[in-house]
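Single-letter residue listing:
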Amino acid sequence: MPSDARILIVDDHVDTLYALESALAPLGYRLTRATNGDAALKEVLRGQVGLLLLDVRMPQVSGLDVVRYLQRLEQTQHIPVILITGFGPDAELTSAAYGLGVADLLMKPVDPWALRTKVRYLYDAHQRSQALEREVRALRARLDQPVPPPAGGIPPPAGSIPPSARALAHPDANLPRPEANLPSQREGPGARKAPDPPRKQHEERTKRV
């Protein structure tokens, strides 16, 4: 099931927004739009944005400016960003974009199948990462909680080890020792002498004959 996090599409051309929304509609994710960099930043800071699809060339605040601002904030710096440009390959732009940690850079016109594939992978990976981070925080919170006292209400002395922990630390402590049931090897006045082996008994009978 798609997450509640939204995919934010940012472009200053309305026809491009419609085209991108139509390409992503089959994925079933929540889509929202912005027509300039300032509006995009406000949407991201409201929260619940799982991926940003961002045009590079926009008036006043460009796509790269938006990415630079998001990288300064801990709560937004891990949101995956796909930049879109309509000015063809540009080595300087490519270097700047990937240097800022952009996930991908696409050229207009965008192929719908390629766009859906990249968006689904990046969005789902980000959601899994967020879910794992929440589980880690919850586990740390549980570990930081004080241990309740035993049923008697008397807390164990400091430094004491619970019996279960001692059993785990020494798993053979309660195992029966087989040597405890063996007869003593020392011969005393009341010790019972072990019978002679069969060969020695035969030799003794031969001598008597």
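The coordinates are above.
Not measured: the values here are computed from a predicted model. (Residues numbered from 1 in each chain as written. Predicted model: local features only at pLDDT ≥ 70, side-chain atom pairs only at ≥ 80, totals over all residues. Heavy atoms only, no water.)

Enquirer: Provide a residue-level description of the packing of helix 1 (residues 14–24) against helix 5 (residues 112–144), including the pertinent values.
Expert: Packing of helix 1 against helix 5 leaves a shortest axis separation of 9 Å and a crossing angle of 65 degrees. Of the possible angle classes, the one that applies to helix 1 and helix 5 is roughly perpendicular. Relative to helix 5, helix 1 is oriented so that their crossing is right-handed. Mapping the contact onto sequence places Leu20, Ala23 and Leu24 in helix 1 and Pro112, Leu115, Arg116 and Val119 in helix 5. Of the residues belonging to the contact of helix 1 with helix 5, the class tally is six nonpolar, no polar and one charged. (Axes fitted to C-alpha atoms, helices over the stretch in contact; angles between N-to-C directions. Helix = DSSP H or I, 4+ residues; strand = E, 2+ residues; numbered from the N terminus. Parallel < 35°, antiparallel > 145°, perpendicular 65-115°, else oblique. Left-handed = near helix turned anticlockwise from the far one by under 90°. Contact = heavy atoms within 4.5 Å. Nonpolar A, V, L, I, M, F, W, Y, C, P; charged D, E, K, R; others polar.)

Enquirer: Account for the pairing of strand 1 (residues 6–10), with residues named and values stated.
Expert: Along any regular strand, the residues point their side chains to alternate faces of the sheet. Burial analysis of strand 1 places five of its five residues in the buried class, which makes it a mostly covered element. Side chains Arg6, Leu8 and Val10 of strand 1 all project onto a buried face; the interleaved residues Ile7 and Ile9 project onto the opposite face, where all are buried too. For strand 1 and strand 2 (residues 30–34), the ladder comprises five bridges, and the chain directions are parallel. Across the sheet, Leu8 pairs through a bridge with Thr32, a residue of strand 2. (Buried < 20%, exposed > 50% of the residue type's maximum accessible area, 1.4 Å probe, protein only. Pairing = 2+ DSSP bridges.)

Enquirer: Summarise the pattern of salt bridges; cite the residues concerned and give the values.
Expert: When their charged atoms lie close together, side chains carrying opposite charge are able to pair. Applying the stated rule across the entire model yields seven salt bridges. Across the salt bridge formed by Arg6 and Glu43, the nearest N and O atoms sit 2.9 Å from each other. You can see Arg6 sitting in strand 1 and its partner Glu43 sitting in helix 2 (residues 37–45), a full 37 residues away along the chain. Residue Arg6 is classed as buried on the basis of its relative accessible area, which comes to 13%. Residue class for Glu43 comes out buried when judged on its relative accessible area of 17%. With a closest N to O distance of 2.9 Å, Arg33 and Glu21 form a salt bridge. Placement of Arg33 in strand 2 and of Glu21 in helix 1 is noted, with a sequence separation of 12 residues between them. Among the charged side chains, a network of salt bridges with common partners joins Arg6, Glu43 and Arg46. (Salt bridge = Lys/Arg side-chain N within 4 Å of Asp/Glu carboxyl O.)

Enquirer: For the layout of surface pockets, give the residues involved together with the corresponding values.
Expert: Within this model, the largest pocket holds a volume of roughly 450 Å³. Along the walls of the largest pocket sit 20 residues, with Val49, Gln75, Ile79, His126 and Gln130 positioned nearest its centre. Of all elements in the fold, only helix 2, strand 3 (49–55) and helix 5 reach the threshold of two or more residues within the lining of the largest pocket. When residues in the lining of the largest pocket are grouped by element, the largest group, six residues, is from helix 5. (1 Å grid on protein atoms, 1.4 Å probe; cavity = no way out; pocket = protein on both sides within 12 Å on 5 of 7 lines; lining within 4 Å. Points joined across faces, edges and corners; volume = space filled by probe spheres on them.)

By themselves, these figures tell us nothing about what the structure is for.
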